[in-house]
Amino acid sequence: MSTLSLVEQAKRSAAFAAVDKHVTPSVRVLGVGSGSTVVYAAERLLELKNEGKLHPELQCVPTSFQSKQLINEAGLRAADLDDLVDADPSSTTYTAIDVTIDGADEVDAELNAIKGGGGAHLREKLVANASAKLVLIADYRKNSQVLGQNWDKGIPVEVSPIAWQTIKRQLERLVPRSRALGVLATSDAFELNHPVATLRNAVRKAGPVVTDNGNFILDVHVGRIHDPVAVEQLIKMVPGVVEVGVFSRMACEAWFGNEDGSVSMRIPQSETKKKD
Ligand SMILES: O=C[C@H](O)[C@H](O)[C@H](O)COP(=O)(O)O
C-alpha cells in the first residue's frame, strides 16, 4: 500500500503521465525543472532509462542546483544551456531544447503560471524560453482559473541584493508607476491597489533566502492577476529585478494529479475554443 499522502500521490501521478507522454526515445534534449513535483519526474526518468526507453544520447538541462542533483542521481547526462545549439537556426523561435518538464505554484485557464516558490524561476524561465515545449506538472491545489485564486504567497521576484529595499518600495508602487509610464492598464491587470512586497527569509538559516544566483527574493502580493502579461512586463521593468515568477503564455500543456487519483491534462483555454 502506498505511504504517500494524497498530495504527493497527485504530484507523482501527474509527473509520471507527463514524462510518459513527452519523454519519448526521440527526445535528445530535455529541460528538467525544479521543486518537489519534479522529483517524481526524475524517478520516472530513471525507470525509463533502466528500461532502455530514453534516447541513448539524451542530454538534460538543469534549472537549479537541486535539478542538477536529480539529473546526476538518475545517472543522466547534464548539459549546460549555453553549450546547446539551436535546433533550427532559420526558425523565428530559439528552441535548443525539445521539451521541458517543470512544476508550478499555480496555473490559470490559459496556462499562465506562477513559479519560483522554491526560488528557481530565473533558470527555469531561461530553460523554458529555449524549449520547443514547456509542460507543467502539479497537484490539484495548483489548478486555477485565475492566478492568485489559490496561491496566496505572492509573485516570487528575484532581485539584486544591492538595492533590495529600493526595489521593494518601487514594487509596492506598481500602480502609480504604471500610470506614469502610461503603457499598461494596471487597474485591470491585478487586484490590489497597494501591492505588498516581502523579503523571503530562509528556514534554518538566519536572514534572507539567497538564490542559486546569489540574489534575494521578494514575494509580491498583488491579489488576483487578471493580465499576467502586463504584470510580468511591469515588474520586469523595475530596475534591479532579475526575473519575475510569472510565466505568461509559455506552457503548452499542464498535467494535474487529482484528489481522486486520476490525472487531467489541460491546454490553454483559447486553444480548446479554436478546436471546438
Ligand atoms: O522555484 C521553484 C519552482 O518554480 C517550482 O517548480 C515550483 O515552486 C513548484 O514547486 P513544487 O513542485 O514543489 O510545488
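Basis of the calculations
Residues numbered from 1 in each chain as written. Predicted model: local features only at pLDDT ≥ 70, side-chain atom pairs only at ≥ 80, totals over all residues. Heavy atoms only, no water. Helix = DSSP H or I, 4+ residues; strand = E, 2+ residues; numbered from the N terminus. Rg over C-alpha atoms; globule rule 2.2 N^0.38 Å. Buried < 20%, exposed > 50% of the residue type's maximum accessible area, 1.4 Å probe, protein only. Contact = heavy atoms within 4.5 Å. Areas by Shrake-Rupley, 256 points an atom, 1.4 Å probe, with all protein chains shown as cover. Lys, Arg positive; Asp, Glu negative; His and termini not counted. Charge placed at Lys NZ, Arg CZ, Asp CG, Glu CD. Pairing = 2+ DSSP bridges. Axes fitted to C-alpha atoms, helices over the stretch in contact; angles between N-to-C directions. Phe/Tyr/Trp six-rings, centres within 6.5 Å; stacked < 30°, edge-to-face > 60°. Lys NZ or Arg CZ within 6 Å of the ring centre and 35° of its normal. Near = heavy atom within 4 Å. Polar contact = N/O pair within 3.5 Å; in protein donor to acceptor, adjacent residues only side chain to side chain. Nonpolar A, V, L, I, M, F, W, Y, C, P; charged D, E, K, R; others polar. Domains from an automatic or database assignment. Buried area = accessible area lost by both parts, 1.4 Å probe. Salt bridge = Lys/Arg side-chain N within 4 Å of Asp/Glu carboxyl O.

Participant: Help me out: how do you make sense of the overall build of the protein in this one?
Facilitator: Counting secondary structure elements, the protein contains 9 helices and 14 strands. Against the globule reference of 19 Å for 276 residues, the protein gives a C-alpha radius of gyration of 19 Å, in line with a compact fold. For the protein, the spread of C-alpha atoms along the principal axes amounts to about 55 × 50 × 45 Å. Relative to its full complement of 276 residues, the protein shows a buried share of 49%. Considering only contacts in the protein between residues 6 or more positions apart, those separated by 24 or more positions represent 75%. When the accessible surface of the protein is split by element, carbon and sulfur atoms take 51% of a total near 13,200 Å². Charged side chains of the protein number 31 positive and 35 negative; the gap between the two group centres comes to 3 Å.

Participant: Honestly, the sheet that holds strand β5 (residues 106-107) in this entry has me stumped. Any pointers?
Facilitator: In any sheet, the strands associate via hydrogen bonds between backbone groups, in a parallel or an antiparallel arrangement. The strand order across the open sheet formed by 3 strands is β5-β6-β12, and the pairing between neighbours is antiparallel. The open sheet has two edge strands with one neighbour each: β5 and β12 (246-247). Sheet topology note: the strand β6 (residues 113-114)/β12 ladder contains 2 bridges and is antiparallel. Looking across to β12, one finds that A113 is bridged to F247.

Participant: Would you mind showing me how to read the pairing of strand β13 (residues 253-257) here?
Facilitator: Burial analysis of β13 places 5 of its 5 residues in the buried class, the great majority of the element. By the alternation rule, side chains of β13 split into E253, W255 and G257 and A254 and F256, which are all buried. Bridge count between strand β7 (residues 131-139) and β13: 5 bridges; the pairing is parallel. Each residue of the ladder has a partner; that of I137, found in β13, is W255. By the bridge criterion, 4 bridges tie β13 to strand β14 (residues 263-266) in an arrangement that is antiparallel. Residue A254 lies in a different strand from β14, and its bridge partner there is R266.

Participant: I'm lost on the sheet that holds strand β10 (residues 216-221) in this one. Help?
Facilitator: Reading across from one edge, β9-β10-β8-β11 is the order of the 4 strands in this open sheet, with antiparallel pairing throughout. Here the strands that pair on one side only, and so sit at the sheet edges, are β9 (196-199) and β11 (241-244). Averaged over all pairs of adjacent strands, the angle between their axes in this sheet comes to 30°, without regard to strand direction. Relative to β11, strand β8 (residues 155-159) is paired through 3 bridges, and the arrangement is antiparallel. Following the sheet pairing, V159 is matched in β11 by V241. Relative to β11, helix α4 (residues 121-129) is tilted by about 65°, and along the sheet it contacts β8, β10 and β11. Against the sheet, helix α8 (residues 228-236) touches β8 and β11, its axis set at about 165° to β11.

Participant: Explanation requested: the packing of aromatic side chains in the structure shown.
Facilitator: Aromatic ring pairs: the centre-centre distance and the angle between the two ring planes describe each pair. Counted under the stated rule, the structure contains 0 aromatic pairs. Over the face of the ring belonging to F247 we find K115, whose NZ or CZ atom lies 5.5 Å from the ring centre. Positioned above the aromatic ring of F247 is the side chain of K125, whose terminal nitrogen or guanidinium carbon lies 5.0 Å from the ring centre.

Participant: Which parts of the structure should I look at to understand the site of the ligand?
Facilitator: Around the ligand sit 16 residues, and of these S34, S36, T37, E124 and K142 come closest. Here an oxygen atom of the ligand sits 2.4 Å away from a polar atom, N or O, in the side chain of S36. A distance of 2.9 Å separates an oxygen atom of the ligand from a polar atom in the backbone of G118. Protein contact buries 91% of the 370 Å² of open area that the ligand shows by itself. In terms of residue class, the shell around the ligand is made up of 2 nonpolar, 9 polar and 5 charged.

Participant: I tried to follow the side chain of T37 on my own but got confused; where do I start?
Facilitator: Here T37 shows up in the loop between β1 (29-32) and α2 (38-50). Looking at T37, the relative accessible area reads 6%, which means it is buried. Those residues within four positions of T37 in sequence are excluded, and the remaining contacts are K11, A15, I137 and A138.

Participant: Help me understand the domain arrangement of the protein in this model?
Facilitator: A common way to express how large an interface is: the accessible area buried when the components associate. As far as domains go, the protein holds domain 1 (6-145 + 250-275) and domain 2 (155-243). Distance between the C-alpha centres of domain 1 and domain 2: 25 Å. Counting from both sides, the interface comprises 14 residues of domain 1 and, opposite them, 13 residues of domain 2. Broken down residue by residue, the surface that domain 1 buries against domain 2 is led by H121, L122 and K125, which jointly contribute 45%. Our count for the contact surface shared by domain 1 and domain 2 stands at 2 salt bridges. We note a salt bridge from E232 to K125, for which the minimum N-O separation is 2.7 Å. Applying the counting rule to domain 1 against domain 2 returns 10 residue pairs in polar contact (both at pLDDT 80 or more).

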